[in-house]
Amino acid sequence: MDNTIGIDVGGTFTDVILIRGEEVIKKGKITTRQEDLLTTILQALDFVEISDTPSIGHITVSTTLVTNAIIQKRLHPVELVLFPGSGMRISALNWPVPCRILSGELDFRGREVQPANKKEWEVLADDLRKGAATSIAISGKFSHRNNVLEENLAAFLKQEIPELKIALGSEWGQSNFYRRSLTAYLNSACTEIFSSFSAQLRKAVRARGCNAPIRVLKADGGVLPLEKIRPVESIYSGPAASVLGALAQNDGCESYVVVDIGGTTTDIGLVLSGNPLMSSSGARVGSFLTNVRSLAVRSIPVGGDSAVFMENGEACLASHRLGPAYCIGGSHATPTDAMRFLNLTDYGSFSKAEEGLALLLPENERNPEAIQQVALTVVRKMADQIGLAIEQLLMEWKAEPAYKVWEVLHHHPDFRFTIRLNGGGAPGIATVLEQRMNTETIVTDSSEVSNAIGAALAKTTFSWTLNLDTSLSRYRIEETGEQGEWEGPKKPHKEVEQFLRDLALRQAQEMGIETKTLQTDPFDYFPLVENYNTVGQIVRGAMHVPPGVIRRVSRGEKDE
Amino acid sequence: MNKTGIIFFPAFDWSLGESHPEREERLLYTQEQIFEEGIMDLPQIKQYSPGVADLMDVLRTQAIFPRLEKLHLDAHLIAAGSSIILGKAIMDKEIHNGFALVRPPGHHSGATVWGNRGFCTLNNEAILVNYLRAHYGIKKVAIIDTDVHHGDGTQDIFYYDPNVLCVSIHQDGRTLFPGTGFTDEKGGPNSWGSTLNIPLIPGVGDEGFLYALENWVLPRVEEFKPDIIINSAGQDNHYTDPLASMNVSARGYGKITEFIKPDLAVLEGGYSIQGALPYVNLAILLALAGEDYSGVIEPQKLQRREIGGETFRSYLLNLKRQNENIRPNWTLKKESCFPAGEWVCIEKNIFYDTDWFQEYRKDYIRKCNHCGGTVLTLSRNELTFEKAVLVRIPFEACEACVQTGYDLVEHFKNTEKTLLLQDQLQNKIMLWHDGREVSFDEQKNQTA
Ligand SMILES: [Zn+2]
Ligand SMILES: [Zn+2]
Ligand SMILES: [Zn+2]
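The rules behind each value
- Residues numbered from 1 in each chain as written.
- Chains lettered and ligands numbered in written order.
- Predicted model: local features only at pLDDT ≥ 70, side-chain atom pairs only at ≥ 80, totals over all residues.
- Heavy atoms only, no water.
- Helix = DSSP H or I, 4+ residues; strand = E, 2+ residues; numbered from the N terminus.
- Rg over C-alpha atoms; globule rule 2.2 N^0.38 Å.
- Buried < 20%, exposed > 50% of the residue type's maximum accessible area, 1.4 Å probe, protein only.
- Contact = heavy atoms within 4.5 Å.
- Areas by Shrake-Rupley, 256 points an atom, 1.4 Å probe, with all protein chains shown as cover.
- Lys, Arg positive; Asp, Glu negative; His and termini not counted.
- Charge placed at Lys NZ, Arg CZ, Asp CG, Glu CD.
- Axes fitted to C-alpha atoms, helices over the stretch in contact; angles between N-to-C directions.
- Parallel < 35°, antiparallel > 145°, perpendicular 65-115°, else oblique.
- Left-handed = near helix turned anticlockwise from the far one by under 90°.
- Nonpolar A, V, L, I, M, F, W, Y, C, P; charged D, E, K, R; others polar.
- Donors = N, O, S within 2.8 Å, 3.2 Å for Na, K, Ca; no water.
- Tetrahedral: all angles 85-135°; square planar, octahedral: opposite > 155°, others 65-115°.
- Pairing = 2+ DSSP bridges.
- Core = buried A, V, L, I, M, F, W, Y, C linked by side-chain atoms within 4.5 Å.
- Polar contact = N/O pair within 3.5 Å; in protein donor to acceptor, adjacent residues only side chain to side chain.
- Domains from an automatic or database assignment.
- Buried area = accessible area lost by both parts, 1.4 Å probe.
- Salt bridge = Lys/Arg side-chain N within 4 Å of Asp/Glu carboxyl O.
- Phe/Tyr/Trp six-rings, centres within 6.5 Å; stacked < 30°, edge-to-face > 60°.
- Lys NZ or Arg CZ within 6 Å of the ring centre and 35° of its normal.

**Comments concerning the overall build of chain B**
Counting its regular elements, chain B contains 11 helices and 17 strands. The C-alpha radius of gyration of chain B comes to 21 Å, within 12% of the 22 Å expected for a compact globule of 448 residues. By residue count, 66% of the 448 residues in chain B fall in the buried class. Within chain B, contacts between residues at least 6 apart in sequence are counted, and of these 71% link residues at least 24 apart. Surface accessibility of chain B: about 15,400 Å² in total, with carbon and sulfur atoms responsible for 48%. Chain B carries 43 positive and 60 negative side-chain charges, and their two centres are separated by 6 Å.

**Observations concerning the packing of helix α1 (residues 37–47) of chain A against helix α6 (residues 191–207) of chain A**
Packed helices, taken two at a time, are described by the angle their axes make and the gap between the axes. Residue and element names in this part refer to chain A. In the contact formed by α1 and α6, the axes pass within 10 Å of each other and the chain directions differ by 25°. It follows that α1 is roughly parallel to α6 by the angle criterion. Relative to α6, α1 is oriented so that their crossing is right-handed. Across the interface between the two elements, L38, I41, L42 and L45 from α1 touch F197, Q200, L201, A204 and V205 from α6. Class assignment for the residues of the contact of α1 with α6 results in eight nonpolar, one polar and no charged.

**Some words on the coordination of the zinc ion (ligand 2)**
Taken together, the protein ligands of the zinc ion (ligand 2) are D147 of chain B (OD), D147 of chain B (OD), H149 of chain B (ND1) and D236 of chain B (OD), with distances of 2.0 to 2.7 Å. Note that the zinc ion (ligand 2) binds four donor atoms; their angles at the metal cover 54 to 154°, and the shape is irregular.

**Quick look at the sheet that holds strand β4 (residues 97–102) of chain B**
Residues and elements named next belong to chain B. The strand order β2-β1-β4-β10-β9-β6-β7-β8 describes an open sheet built from eight strands, whose pairing is parallel. Strands at the two margins of the open sheet, each flanked by one partner only, are β2 (45–47) and β8 (195–200). The average angle at which neighbouring strand axes cross in this sheet is 15°, direction not considered. The sheet contact formed by β4 and strand β10 (residues 264–267) spans three bridges and is parallel. Opposite A100, over in β10, you have V266 as the bridge partner. Here helix α6 (residues 206–224) sits on the sheet and contacts β6 (141–145), β7 (164–171), β8 and β9 (228–233); the angle it forms with β7, its principal contact strand, is near 170°. On top of the sheet, helix α8 (residues 277–288) reaches β1 (4–9), β2, β4, β9 and β10; it is set at about 160° to β4, its chief contact.

**Things to note about the side chain of R23 of chain B**
Mapped onto the fold, R23 of chain B is located in the loop between β1 and α1 (28–37). Once you skip the residues sitting within four places of it in the chain, R23 of chain B turns out to touch P527 and V529 of chain A together with W14, S15, G17, E18, R103 and I273 of chain B.

**Digging into the sheet that holds strand β5 (residues 78–83) of chain A**
Residue and element names in this part refer to chain A. The parallel open sheet is built from four strands, whose spatial order is β6-β5-β9-β10. Edge positions in the sheet fall to β6 (100–101) and β10 (165–168), since each has one partner strand and no second. Sheet topology note: the β5/β6 ladder contains two bridges and is parallel. Residue pairing across strands places L82 opposite I101, the latter belonging to β6. Together, β5, β6 and β9 (135–140) form the strand contacts of helix α3 (residues 118–130), whose direction differs from that of β5 by roughly 170°. Strand contacts of helix α5 (residues 177–189): β5, β9 and β10, with the helix running at about 165° to β9, the strand carrying the most contacts.

**Brief notes about the nonpolar core**
I5, L45, L153, L157 and L201 of chain A are the most contacted members of the largest nonpolar core, which totals 143 residues. Ranked by residues supplied to this core, first place goes to α8 of chain B with 10 residues. Setting aside residues no more than four positions away along its own chain, L157 of chain A makes contact with L124, A125, L128, I136, I138, P162, L164 and I166 of chain A. Formed by 61 residues, the second largest nonpolar core is a distinct cluster that contains V408 of chain A together with V58, A100 and I429 of chain B.

**A word on the environment of N146 of chain A**
All names here are of chain A. Counting through the fold element by element, N146 comes out in the loop between β9 and α4 (148–160). On the basis of relative accessible area, N146 is assigned to the buried category, the value being 13%. Taking the C-alpha atoms as reference, N146 lies 23 Å from L505; in sequence the two are 359 residues apart. Filtering out sequence-adjacent residues up to four positions away, N146 remains in contact with L106, G110, R474 and Q483. Looking at N146, its side chain comes within polar contact range of the main-chain oxygen of G110, at 2.9 Å. At 3.1 Å, the side chain of N146 forms a polar contact with the backbone nitrogen of V148.

**Quick word on the domain arrangement of chain A**
When the parts of a complex come together, some accessible area is lost, and that lost area is often used as the size of the interface. All names here are of chain A. Segmenting chain A into domains produces domain 1 (78–189) and domain 2 (462–545). The distance between the C-alpha centroids of domain 1 and domain 2 comes to 26 Å. Contact with domain 1, which involves 12 residues of that partner, is made by 15 residues of domain 2. For the pair domain 1 and domain 2, the two sides together bury roughly 970 Å², of which 34% comes from carbon and sulfur. When the buried area of domain 1 at its contact with domain 2 is split by residue, R109, R145 and G173 rank highest and sum to 58% of it.

**Focus on the domain arrangement of chain B**
Residues and elements named next belong to chain B. Domains assigned within chain B are domain 1 (4–325) and domain 2 (343–447). The centre of domain 1, based on its C-alpha atoms, is set 26 Å off from the matching centre of domain 2. Each partner contributes to the interface: domain 1 provides 36 residues, whereas domain 2 provides 46 residues. Taken together, both faces of the contact between domain 1 and domain 2 bury some 3,500 Å²; the carbon and sulfur share is 58%. Per-residue buried area on domain 1 facing domain 2 is highest for W114, Y160 and N190; these three make up 21% of the total on that side. Between D156 and R361 there is a salt bridge, with the nearest N and O atoms lying 2.7 Å from each other. Taken together, domain 1 and domain 2 are joined by 21 residue pairs in polar contact (both at pLDDT 80 or more). Listed by contribution, the elements that provide at least two residues to the side of domain 1 that touches domain 2 are α2 (55–59), β5 (112–113), α4 (124–136) and α5 (152–158).

**Regarding the environment of T154 of chain B**
Residues and elements named next belong to chain B. Examined against the element boundaries, T154 turns out to sit in helix α5. In this structure T154 comes out as buried when scored by relative accessible area, which is 3%. Along the primary structure T154 and G106 are separated by 48 residues, whereas in three dimensions their C-alpha atoms are 8.4 Å apart. With residues up to four places along the chain from it excluded, the contact list for T154 reads H107, S109, N123, I143 and C166.

**Describing the packing of aromatic side chains**
All names here are of chain B. For the structure on display, the rule yields 27 aromatic pairs over all chains. A centroid spacing of 5.6 Å and a plane angle of 80° characterise the contact between Y159 and Y160, whose relative ring orientation is edge-to-face. Here Y159 and Y160 have matching classes, each one buried. Cation over ring: K46 sits above Y48, and NZ or CZ is 4.6 Å from the ring centre. Over the ring of Y211 we find R313, and its NZ or CZ is 5.9 Å from the ring centre.

**Remarks on the coordination of the zinc ion (ligand 3)**
All names here are of chain B. At the metal site, the zinc ion (ligand 3) is ligated by C368 (SG), C371 (SG), C398 (SG) and C401 (SG), and these contacts range over 2.2 to 2.4 Å. For the zinc ion (ligand 3), the four donor atoms in the first shell make angles of 97 to 118° at the metal, a pattern classed as tetrahedral. Residue classification places C371 among the buried residues on the basis of a relative accessible area of 9%. Note on C398: relative accessible area 14%, which makes it buried.

**Comments concerning the interface of chain A and chain B**
Taken together, the 47 residues of chain A in the interface contact 43 residues of chain B. Taken together, the two surfaces of chain A and chain B that pack against each other cover about 3,800 Å², and 57% of this comes from carbon and sulfur. Of all residues in chain A, M88, F108 and Y403 of chain A bury the most surface against chain B, accounting for 20% of the area lost on that side. In this structure, the connection of chain A to chain B is made through seven salt bridges. As a salt-bridge pair, E291 of chain B and R89 of chain A come within 2.8 Å of each other at their nearest N and O atoms. Taken together, the connections running from chain A to chain B amount to 23 residue pairs in polar contact (both at pLDDT 80 or more). Of all the secondary structure elements, the ones that give two or more residues to the side of chain A that touches chain B are α5, α11 (405–409), β27 (524–530) and β28 (533–545) of chain A. A total of five residues in the side of chain A that touches chain B trace back to one element, the largest contributor, which is β27 of chain A.

This is how it looks when you write it as structure tokens:
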């Protein structure tokens, strides 16, 4: 039977799992070396002994490589060039990187309003030849409707500077202009760091005699082969891994909140009738807003290793870590110590936990009652923060925009939510969180490596969204940025669905997706009327395979 | 930071007909434009999810005749409900101002509703205003209608109410639907002057429109001292609008918004769906959010002749003089069954252009020195000859007017097929069909 390996690189720990069929065969936790993620991942692979494991179906990695590179500003220089046209002042939004403005404007249907200025292009080429950037990202307002300006400039620059690496905003075919530009920029800026990582990873895995495909987890809970993923799509896969981990360990169509308590962060996600909730806008990373699709998740800076400090005689939680918990040999008290002291867990030494907490108090106040008080406060505050974030996420879900009468009238059936807890700190906080939220709170069986399970069993997702303007004879695909000529009738009906299906199937096959599982959303047809005559239609339609897991792991698996 | 709330509800699955101006496509390009600009990513913008208005909230303000279930209200209830959501957010101080960018529109829908007129069935602003008065104790409201058409429905609803100032500035009723909104329509016997109509000659552009606002509307509003200002933000004054003949630009609309400083703007008409709406909506949003809108430029330029300068200023001055010199001329009249007091009778015909029929109405207003006065409305559908009665006890009603209202109800509830009581003072809405009181749950089930 196929073996599957999942690795989740977290801020503090990296989890690894080996699953055979539905059975967890091996699981482990190693310390993450943020400065050397490759070594960390290889250590994890060695922990599950990939060299000696035959027939590995695939290895899936959820890595913070790109997220870290962006947040720590270790980005490759990229020239960002924009065609913003008229409209809102560009500085109304915060651009975290400098950009150059060129003339040329399209309208909302992709029709040219103002032509480009070739003189500016020549100046740009000269500057590029002189400057440090070897990459350029070109992005235009409404380029997701018509990429003509971007493509023309790219063709011009290719001719002028053949070695220049060129990325287009329209490759990220969704609105809006600001996010599309920054996404194209970021993807370009982390391509190098990601390709060198993936080349080394592949080499090292092959050197261990393993030929299994290597997949990378995305923020939307899907996976892509290491060779096919666009680097920026690998950001924030951690929270997605925990949602998938919960899916892999729960029954099909329940609704629940997933809470994953890590070392210094807690991730919260939402599952509705077995489907993870997607965010209605793209992911934010550092000061960049992107178009990267992600699950609707909340991350808060509190976890089992958060440092505890005293303020005005009251215990408080810091958003950072000062090493491991006192009860396992650390130097500073943490929520883990509080939970140990209160006997909510049996992880670590009780007497060390007591000692760590006592050290927070002035010497003359270190009595059992006072220590108890500190421990209770810590756990309550942690549960409060998590509870608040859960409430916010549920609010976000309820406040999802709706653009059709039908959507508003069928908005939110009354789900009853329970809570599924993952992560090292899960057992310790369960009772307190249950009281805080007044709803059943269940600790997932393999909670400490749940994210790795999620990564290992993640299903390949697929999403394909068409925007067709029959009057201008132009179609666009959001996800890939593909644009082309429509040769069908002005007032199509069934033909569009077939057209979309053909395009989608072609893409799905290329990605190795089982086409039977494709779901089609209802199409929206907008009759296009000019001077009281219907001159065409704008059609919107989509097909997708939602995020999920290929199978579930069997319950009650307890081997260490 | 001052937050601006927005509800974008384009009703992509609702239309009045495939090539009707009020069709699915109407806000499609507005969506493309405002989303692509990244408006929703502005830190001061907060997007809200649409909501559905309660029937109770509708009936507090408008009488749906002859029976609720006769009209398809779903889309209209969402447009009204969304306006209420933003109104609440303003009152709760979550946001500083807001824009209900919603379809369908509502300002032609009046105190009695037998069907759709001027594309409107429910009056979003009026329902919102009375909601805020009932739930937040708001006392004085100014509604400024900058749609090119006379906001006749809104005027009708608040005509006898001294606490709501209704200003409508629009293309002259002699040249445009609905054919009303002249300067002598100034309010009822207890609310004289609380309605202000400024009909404009065709061809007026940014300059003239802003001049009229600055020199007439804004001083009047300031004098009135409203607790809240609502803008019926129709966009058919734009120079590309196919139904009207004015010459306002998108940036002109931005400036109008900046002048009025509405707490809440609610979209009304505007049917140049490619040439104007994406740009006008963007300019209004930017103006509300305190952002620069001077870069909002429509690709299509002004080609019609603009009326402005001295010609316009003297026209307006003349109009203002007329307005000041008008004295009311009430017809006092009462039926034998009326409770004591002086009653002013106003007769009117209301034309429902969408379904092509007329309503004939007699409004009796109790003259009162203490409050807006209880209003009795006898209404008849001239197509079906169905009759219905509305009794309205106004917000801030005096004791005598309250008693009068209930006396009228006692009299009419057994004799009329349909009777609606709007006791706005005590927030009590009651409905009788054939002498039997109908509960709202029952009504809801029938509409579902
Ligand atoms: Zn008006
Ligand atoms: Zn209008
Ligand atoms: Zn009175």
